[in-house]
Amino acid sequence: MLCLWCPDWPVVAARRADPSLEDVPVVVLDRGLVLAASVEARVEGVRRGLRRREAEDRCPGLVIRPVDTTGEARAFEALSRGVEVLAPRLALDRPGLLFVPTRGPSRYFGGDELFATRVLAEVATVGAPGARVGVADGAFTAQLAARRAEPGGSFVVPAGESAAFLAPWPVRILDDDDLASLLVRLGLSTLGDFAGLPEASVLGRFGLSGLGAHRRARGEDEHLPALRVPPPDLELHHEFDPPVSRVDTAVFAGRALADRLLAELAADGLICTRVRVEAETEHGERLARTWRLSGHAAVRGGTGGAGSSPGSAILAERVRGQLEAWVTQDEGPGRADAGRSADDDLVTSGLTLLRLVPEEVVVAGRSQLGLWGGDRAAAERAGRALVRLQSLLGLEAVTTPVLQGGRTPDERIAWVPWGDDPPPLSDQSRPPAPPERVDSYGDGSPTTVQAADGGRGATWPGAVPPPAPAIVFRPARPAELLDAGGRPVTVSGRGEASAPPERLNSPALPKGGGPIEAWAGPWLQDLRWWDPQARRRRALWQVVAAGVACLVSVEGGEAHLEAVYD
Amino acid sequence: MRPVVLAGERRLAVPGPLGRILPGGGLQRGSVVRVEGAAGSGATSLLLALLAAATAAGEWAAVVDGDGVLGGLAAAEAGVALDRLAVVRAVPAGLYGRVVATLLDGVAVVGATIPRGFRPADARRLEARARERAAVLVAAGSWPGEAALRLRAEHSSWSGLGRGEGLLGQRVLRVAVSGRGAAGRERVADVLTGVRSAA
């Protein structure tokens, strides 16, 4: 992830609009307080949050500008378009801060450093002095790397070294004042100290938001494992008829749309962390820009569920800024800057359509896993008890089964730590293609099975047919499958048994096993035959030995008890 | 939301063939149910069927699976909604009672394989907790306390599998049901589970 950070963006935007402000101390005021100050003013001691009078005292000759959100949004849009030339999938966080996924672009430009240099060069032509670039594995780390970088320079945290880079930073950087002050009082003053705590203890003491902060402190992205691609019907649009050219009309519609979007997502127990704002005009121009609704604001807003939550206010603000950037005609003298303004007129006619597409949503909180169809109070009660157990025994000790693709009863279930999101629908650990060869011998028994829920892991050739065994040994227990002469039954490469099995012995069975009354098999499974290292061949048998129905595997001449139909 | 608690609401209906042989068709909330049976006799399947009673009512179920051998797929086939099932593993012996008590706080039906040497005093404490929280504790193995209902899997007989042919299909699970009150006399019944033949 690459983070491009332009400190004091309001000042940069003001200077773009009025070139006479270059090299003089400038501050931008918001409701009487300093919102941003230029380097010249900072040298004189002007800080963010000072009153107007105080700032003027410290820095004679200070030029004061009112805050101009439209200008900021518009200037940032120009910058975004510059970066978009290099990497299309950028996401804006707020004016002055944007993120670009680096995986593709870095390979294309020959490394993170070279990519960062290209971005800085592009930004310089647009005219954003003092922009800094940070590159790291995650967004949080990248943002701190950008802070570490020199003005106009870049700082790259090598892959896998996020935790070491983060360790010396103070905990207040986590952007959670309550948590930070508590940690400091506990004697944990740096991210490294905090990251060193066991995850289960953090969950028990600080709850879910603490766990998120802990993941960030360890250099893992808070939401990364839980991302979900939203279903397509979550996008909302508003058609303008007649087309609107006045920005305030469009903004009004945009705000209502933002409220509705977050309310509908909250009803599904989802939080939006990235939204794409799209617009179309009468002349067929199509505009799109992606905004991140970063961490805390989005999370806190979303869980509230009400239409007027802070999350919805932030989203409405972003939509407003974007619409203003697109629609407002640039009239200032800055119009002619940087030689790019020829194509600055994005919108040559009225808007006909505004669309909000949630690109990335996460499940709101961990306790809503079983919300659908269940009693909400019961889900919350269960969630509290299970989180308490996780803090007692560790996150991995409390799991929930999730159906997935596979052949044996063991493979068909993924045990997901409770509260984590289920793995993606397509099982990545076992590629479904190329298809595995299945040799089925014997009586032409059904060798495929439809998954119970149809969707997850549909039909796998060679799957063990239902019913499923209630006891599944992980790992399989040692066993002996013997023929009438007391010799182990082996399976040839062609899937033929050396002799009919007559006896199954295993310490995991009552009385150590017994004579076999009925059996079926062997079914040969040729697993991962395309990979010489990981290739496995095994034969499966269903047997009933001494009244107990079992699933037995024979691999490399050794038998194992895989499961008992208890 | 519920002004009156009817006797029926104090009961969790057990779906499927097992429910038909239980007194009242289900589990009494706030009680302890004991499930016994040797490995392979069908005791685990009985436990799964009882867990299904909780998720069918929209509530949560949990299992303390000491050996880590519970089959998730079999749970799904028994009718348990997997997204409302939690499985707790790797429980140290000293914490066993505390873990089960915590689960009873939050979950409607808790299945637990009771370890050997579990003390009667701990058992009484869990009984009290289940009563207080209106949760059902399904104790598999040796339960050193009172149980309102006892299910014993006598044995399972399978059909469909021959000598070198066929597949495991239907199972007849013989269950002995006994308990207090209405379930006082021991009754023996056969429960048919598994897939239909020639499915």
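Conventions used here
- The residue numbering used here restarts from 1 in each chain and proceeds along that chain's sequence as written.
- By the order in which they are written, chains take letters starting at A while ligands take numbers starting at 1.
- The predicted nature of this model means local features are confined to residues of pLDDT at least 70 and side-chain atom pairs, given and counted, to a pLDDT of 80 or more, with totals for whole chains, interfaces and linings taken over all residues.
- Helix and strand definitions follow DSSP, with helices as H or I runs of at least four residues and strands as E runs of at least two, each counted in order from the N terminus.
- Counting other C-beta atoms within 10 Å of each residue's C-beta, where C-beta atoms are placed from the backbone, gives the exposure class: buried for 20 or more, exposed for 12 or fewer, partly exposed between.
- Here the contact rule is simple: place C-beta atoms from the backbone, and any two residues whose C-beta atoms are within 7 Å are in contact.
- When residues are sorted by character, Ala, Val, Leu, Ile, Met, Phe, Trp, Tyr, Cys and Pro go into the nonpolar class, Asp, Glu, Lys and Arg into the charged class, and all the rest, Gly among them, into the polar class.
- When DSSP locates at least two bridges between a pair of strands, those strands are taken to pair.
- In this description, a line fitted to the C-alpha atoms serves as the axis of each element, helices being fitted only across the stretch in contact, and the angle between N-to-C directions of two axes falls anywhere from 0 to 180 degrees.
- Helix crossings get a hand from a simple test, with the near helix turned counterclockwise from the far one by less than a right angle marking a left-handed crossing and a clockwise turn marking a right-handed one.
- Confidence scores here are pLDDT values: one per residue, from the predictor, ranging 0 to 100.

Draft legend 1. Looking closely at the overall build of chain A. A count of helical and extended segments in chain A gives 15 helices and 23 strands. Considering chain A as a whole, with its 566 residues, one finds that 45% of them fall into the buried category. Taking the intrachain contacts of chain A between residues at least 6 apart in sequence as the baseline, contacts between residues at least 24 apart amount to 59%.

Draft legend 2. Here's a closer look at the interface of chain B and chain A. Taken together, the contacts link 50 residues of chain B with 54 residues of chain A. If you list the elements that add at least two residues to the side of chain B that touches chain A, you get α2 (43-56), α3 (72-77), β5 (85-88), α4 (96-106) and β8 (149-158) of chain B. By residue number, the principal contributor to the side of chain B that touches chain A is α3(B), which donates six residues. The residue makeup of the side of chain B that touches chain A, split by class, is 27 nonpolar, 15 polar and eight charged. Two elements, strand β13 (residues 398-403) of chain A and β5(B), share two bridges in a ladder whose sense is antiparallel. The residue bridging A:Val398 from the neighbouring strand is B:Val88, located in β5(B).

Draft legend 3. Quick look at the environment of A:Asp526. Residues and elements named next belong to chain A. One can find Asp526 in strand β20 (residues 513-527). Look at Asp526 and you get partly exposed, because 15 C-beta atoms sit within 10 Å. Remark: the alpha-carbon pair of Asp526 and Arg538, spanning 12 residues in sequence, is separated by 6.7 Å.

Draft legend 4. Examining the packing of helix α4 (residues 69-84) of chain A against helix α6 (residues 112-126) of chain A more closely. Residue and element names in this part refer to chain A. The interhelical angle for the contact between α4 and α6, taken along N-to-C directions, is 145 degrees, at an axis separation of 9 Å. Considering the relative orientation of α4 and α6, their crossing is right-handed. Contacts from Ala78, Leu79, Gly82 and Val83 in α4 reach Val119, Glu122, Val123, Thr125 and Val126 in α6. Broken down by class, the residue content of the contact of α4 with α6 amounts to six nonpolar, two polar and one charged.

Draft legend 5. Seen up close, the sheet that holds strand β3 (residues 33-37) of chain A. Residues and elements named next belong to chain A. Pairing within the open sheet is mixed, and its three strands lie in the order β3-β2-β4. Strands with a single pairing partner mark the edges of an open sheet, and in this sheet they are β3 and β4 (63-66). Averaged over all pairs of adjacent strands, the angle between their axes in this sheet comes to 40 degrees, without regard to strand direction. For strand β2 (residues 26-30) and β3, the ladder comprises four bridges, and the chain directions are antiparallel. If you follow Val27 over to β3, its bridge partner there is Ala37.

Draft legend 6. Up close: the confidence of the model for chain A. Residues and elements named next belong to chain A. For chain A, per-residue confidence averages 78 on the pLDDT scale, and residues scoring 70 or more make up 81% of the total. Note on residues 295-308: pLDDT is under 50 here. Beyond four places in sequence and across chains, it has 34 contacts. Note on residues 366-374: pLDDT under 50 across the span, and 23 contacts to partners over four residues away in sequence or across chains.

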